[in-house]
Structure formats: structure tokens, C-alpha cells
Amino acid sequence: MNNAHMKYWLVNALCGVVVLILLGGHMAGMHLDDLLALVVGSSTEPLEWAEVNVRGQSRLFTVSYVFLLGTALFHGLYGLHTILTERWSGRRAARFILFGCWSAGVILFLTGTIATVSFHLLTVTP
Amino acid sequence: MSKDKKTAFSIKRFLPESDSAPHWERYDIETEPGMTVLDGLHRIREQIDATLSWRYSCRMGVCGSCAMIINGKPGLACNTQVHDISEVHVRLEPVWNFSVVKDLVTDLSPMFDQHRHLKPWVIRSDTEALQNTQAELIQSPAALVEYLQFSYCIKCAACVAACPTVAIDPVFAGPMPLTAAHRYNADSRDDGFDQRKKALTEHHGVSHCHYAGECSRVCPKGVDPAKAIQLMKRDLVADLFRSAPRTPAAPASQVHFDRQLVNEELRPPDFTVPRKSAK
């Protein structure tokens, strides 16, 4: 496939930007809530059931989490693929590593997406 | 200013006929201000050990032959002054990432094989420039500036020695070949982008540069290979979204020589003919 490596590289760079934004939001909302409260003036405990329920019911949160999962997996596994193929640079090793990374990525993505969407469906009020 | 003093040169030696592995040898020589590392090597060879081997040629930083590791950093022996490095101890070893032939001499052929693979010459889509010897490939000063910096490369291999990706990935092209490829891709007279693209974007191509920047840090000619590689990534990404074929380079220009005028200009003056007086 022509230019496949450049296309993967470009997607990896774009995923890095997306991860920065979405992960930044996740970190601010979930783990730096006290710090955020200083900025926005109010604080809610993100792990309280009411808050969890709100996020679960929100289609925006669900889609964002799936998007974050996909881009983080691609970015991380692209980096792992690069490290491994630089260490083992033969063609056969490259095919094996590519297959392994794609397999791990697809399995983890499907697992995470099923979990996220299932929770969304459970929390949505019928 | 420092006076003459003894400086210890520790050199990583390897004699393939007798050594199983490289080893360090120390030579103490008189050094003075203004003396280069290359001068030191000559002094060692002349006064102490005539078996010491290294490459050199121009002695003035334009050929790239004398690249070596000087106190842990790739550089040229001919334009590195001993007292700028250390008046006490200078450590010399062959450039990293290449197999050693003998002492400070390494086998650079893998780098030049990569270089050749990326077609480092002007490629034309027309044949007029080849068929018409009177033709010129006109280039504006602005077009020259696009690649001039990258044409200063002297192929010394200091950048390849410093590259951490080359250190672990023997298939990666390396900074010098990639910079040479960009030098020609950026040349307005060249039409070889599509031919080089395949080699650049294949397995372990330009996308494996992680922008460590060590190549630019050690380059003795200010070429900035890291910049060249990032510019090339930009061009390759832009090419992914290109829908129309690339604009070919300007055709060769016909330069008309007025042979009569040239002959008259070159003819020596005839002193028998009276000069016309100025009015």
C-alpha cells in the first residue's frame, strides 16, 4: 500500500493532539476536581453516584470516552510498534509485530467500547 | 594564553590482524594553542606510533574525511582545536554506528548505500537539458535559498553517528541520506519527488525519525538535518492530500551565444589602430 507508513504517522500525530485535549479534560474533571473548583468556583465529587450517572447518561461523554480510548490505543500502540520494529527490523518480525499490535488494539478497543456503551445504556432512563 | 604543555590523547585502537576487540591506548604529546586534534594525531604518528590510522584529506573542514568522536561528541578533527576541548585529556574514538575497519577508520558504505538509494541528483522529467548542451536550468535566488543550507553537507557522518535511531535500527536511512533527499526535493530544477517518495515512505523511512535533534547539534557545517527531515515530512504529508499531479520543473532555457561578440571581446587590442579621442 503506497504511503502507508506516512498515513499511519499522520494519524498517530493527529491522535496525539486529540489525546492531549480529551485526556486533559478527563484529568481536570476526574482527578484535579479540587483544583478545578478553585477556577470555576464550585466542586462536586466526580465519583459520587449522581455524578457518575450524569456522565453515563450523556451521549457526549460516552462518545468522547470511546474516541479517547480509540485515539489513545492507536497512539500508544503505534509508539510500541515503532520501538519494537526498530529493535527487530526484519520483514518477518515487522509483520508479526504489526499483527500483534493491531490485534491487541482491536481487542482492547472492543472491550472498552462495549463496557462504555453498556454502561450508557444501563444508565439512560427508559 | 596557555603555553606548550603535555596533553594525554586516549585513542580507541583496533588492529584487525591482532585484536579481538577495540582497546584504549594513551599518548602524551606536547600541544600548543591553535593546534587541532588532527595536528595531534599527526604528531603521535610522527613521534610515537606510526601504526595509528585515521582518515583525513583537506585539513580545513570541507571534505568530511576526519570525522570522529572527540571527547564524547562527533566532530571533525581538523577544525577542532585541542585546547578548546581540553588541555589535559582528549579522548578519540571512531564514529559510532559504523563497523570499525582499523583504529579510527570506519566502514561508511552502509551510509552511502542509503544515500544512493534516495537518488541524490537532479532528476528531470524532460530530456532537453541532456540533449541541448547550450541549455541552462534557470533558478532564482529565492529558489536557491530553499535548499542551499542543506547543500552544505560534506557527508562526514557525524550526524549519523549521533543519531539514536540509527543506533538501534540498522535499516533506518539516517540524517545525511534523508537531508540529501530533501535537498533535491526542494530544488526547483528537480522533478524526482515521486521517485524518491517510495524510498522515503517505505518501512523504516522518514517516519522513523523521532526528532531527537542530535544530528543538528553535532553537524560541523550548520546544515540542520533535523529541520530538513521535518520539512520533508511536511512535504510528504502534503503530498498525501494532493489531488493533481505535481507541477513539473521549469523547462531548460536556451541561452544564445553571440559568437561574433565573444570573439571580439576575447581578441587582443590592435595597437596599430589609432585610438579615438574622447570628446
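Predicted model, so just to flag it, every value in this text is computed and none were measured.

## A short note on the overall build of chain A
- Helices and strands together make up the secondary structure of chain A, namely five helices and zero strands.
- Its helices and strands taken in sequence order, chain A reads α-α-α-α-α from the N to the C terminus.
- By principal-axis analysis of the C-alpha atoms, chain A measures approximately 55 × 35 × 25 Å.
- By the burial criterion, 29% of the 126 residues in chain A qualify as buried.
- Of the contacts formed within chain A by residues at least 6 apart in sequence, a portion of 68% connects residues at least 24 apart.
- Carbon and sulfur atoms make up 73% of the accessible area of chain A, which amounts to about 8500 Å² in all.
- Side-chain charges in chain A split into 7 positive and 6 negative, and the spacing between the mean points of these groups amounts to 31 Å.

## A few points about the nonpolar core
All names here are of chain B.
- By size, the foremost hydrophobic cluster in this structure holds 66 residues, and its most contacted members are F9, I11, L41, M68, L92 and L178.
- The leading source of residues in this core is helix α11 (residues 225–240), at six residues.
- In this view, I11 contacts H23, W24, E25, Y27, L41, I44, L52, L92 and L104; residues no more than four positions away in its chain are not counted.

## Section: the interface of chain B and chain A
- Contact residues are listed per partner, giving 20 residues for chain B and 14 residues for chain A.
- Carbon and sulfur atoms supply 66% of the area that chain B and chain A bury against each other, a total of about 1600 Å² over both sides.
- Considering only the surface of chain B that becomes buried against chain A, H203, S207 and L240 of chain B emerge as the three largest contributors, covering 37% of it.
- Linking chain B to chain A there are two residue pairs in polar contact (both at pLDDT 80 or more).
- Taken together, the elements giving at least two residues each to the side of chain B that touches chain A come down to α7 (164–168), α9 (193–201) and α11 of chain B.
- The element best represented in the side of chain B that touches chain A is α11 of chain B, accounting for five residues.
- Split by residue class, the side of chain B that touches chain A holds eight nonpolar, seven polar and five charged.

## Points about the layout of surface pockets
- By volume, the largest pocket is sized at about 790 Å³.
- Lining the largest pocket are 30 residues, with A4, H5, Y8, H81 and L98 of chain A positioned closest to its centre.
- For the lining of the largest pocket, the secondary-structure elements that each account for two or more residues are α1 (4–31), α4 (59–87) and α5 (91–123) of chain A together with α9 of chain B.
- At nine residues, the largest contribution of residues to the lining of the largest pocket is made by α5 of chain A.

## What to know about the packing of α1 of chain A against α4 of chain A
All names here are of chain A.
- Two elements in contact, α1 and α4, have axes separated by 8 Å at closest approach and are oriented at 130°. Here α1 lies oblique to α4, going by the angle between them. Here the hand of the crossing between α1 and α4 comes out left-handed.
- Across the contact of α1 with α4, the residue classes tally to 15 nonpolar, seven polar and no charged.

## Details of helix α3 (residues 109–117) of chain B
All names here are of chain B.
- Taken residue by residue, α3 has M111, Q114 and H115 as its buried positions. Down the axis, α3 shows its buried residues gathered within 105° of arc, on one side only.
- Buried-residue contacts for α3 involve α6 (158–162) and α8 (175–185).
- Where α3 ends, the next residue or the one after it, K119, has phi of about 55°, a positive value.

## Side note on a positive patch on the surface
- Side chains of R91, R92 and R95 of chain A together with K198 of chain B sit close together on the surface and give a patch of like positive charge.
- At three residues, the largest contribution of residues to the positive patch is made by α5 of chain A.
- Residue position: R91 of chain A is located in helix α5.

## Comments concerning the side chain of R13 of chain B
- In this structure, R13 of chain B sits in strand β1 (residues 5–13).
- Among the polar contacts listed, one links the side chain of R13 of chain B to the side chain of D49 of chain B, at a separation of 2.8 Å.

## Considerations on the sheet that holds strand β2 (residues 23–31) of chain B
Residue and element names in this part refer to chain B.
- Read from one edge of the open sheet, five strands run β2-β1-β5-β3-β4, paired in mixed fashion. Of all the strands in the sheet, just β2 and β4 (73–76) have a single pairing partner and so form its edges. Looking at each pair of strands side by side, their axes are set apart by 35° on average, direction ignored.
- With nine bridges connecting them, β1 and β2 associate as antiparallel partners. Looking at the pairing, F9 lines up with Y27 of β2.
- Along the sheet face, helix α1 (residues 37–47) touches β1, β2, β3 (67–70) and β5 (89–93) and points at about 100° away from the line of β2.

## Things to note about the packing of aromatic side chains
- A full pass over the atoms with the stated rule returns six aromatic pairs over all chains.
- Taken together, a centroid distance of 6.4 Å and an interplanar angle of 75° make the contact between F74 of chain A and W102 of chain A edge-to-face. In this pair, F74 of chain A sits in helix α4 while W102 of chain A sits in helix α5, placing the two residues 28 residues apart along the sequence.
- Given the relative accessible area of 43%, W102 of chain A is considered partly exposed.
- Three or more aromatic residues joined by ring pairs form one cluster here, namely Y8, F74, Y78 and W102 of chain A.
- Stacked on the ring of W24 of chain B, the Lys or Arg R91 of chain B has its end atom at 4.1 Å from the ring centre.
- Positioned over the ring face of Y184 of chain B is R183 of chain B, at 4.0 Å from the centre of the ring.

Parameters at a glance
Residues numbered from 1 in each chain as written. Chains lettered and ligands numbered in written order. Predicted model: local features only at pLDDT ≥ 70, side-chain atom pairs only at ≥ 80, totals over all residues. Heavy atoms only, no water. Helix = DSSP H or I, 4+ residues; strand = E, 2+ residues; numbered from the N terminus. Buried < 20%, exposed > 50% of the residue type's maximum accessible area, 1.4 Å probe, protein only. Contact = heavy atoms within 4.5 Å. Areas by Shrake-Rupley, 256 points an atom, 1.4 Å probe, with all protein chains shown as cover. Lys, Arg positive; Asp, Glu negative; His and termini not counted. Charge placed at Lys NZ, Arg CZ, Asp CG, Glu CD. Core = buried A, V, L, I, M, F, W, Y, C linked by side-chain atoms within 4.5 Å. Buried area = accessible area lost by both parts, 1.4 Å probe. Polar contact = N/O pair within 3.5 Å; in protein donor to acceptor, adjacent residues only side chain to side chain. Nonpolar A, V, L, I, M, F, W, Y, C, P; charged D, E, K, R; others polar. 1 Å grid on protein atoms, 1.4 Å probe; cavity = no way out; pocket = protein on both sides within 12 Å on 5 of 7 lines; lining within 4 Å. Points joined across faces, edges and corners; volume = space filled by probe spheres on them. Axes fitted to C-alpha atoms, helices over the stretch in contact; angles between N-to-C directions. Parallel < 35°, antiparallel > 145°, perpendicular 65-115°, else oblique. Left-handed = near helix turned anticlockwise from the far one by under 90°. Arc of directions from axis to C-beta. Patch = residues over 30% accessible without salt bridge, like charges linked within 9 Å, V, L, I, M, F, W, Y side chains within 5 Å. Salt bridge = Lys/Arg side-chain N within 4 Å of Asp/Glu carboxyl O. Pairing = 2+ DSSP bridges. Phe/Tyr/Trp six-rings, centres within 6.5 Å; stacked < 30°, edge-to-face > 60°. Lys NZ or Arg CZ within 6 Å of the ring centre and 35° of its normal.

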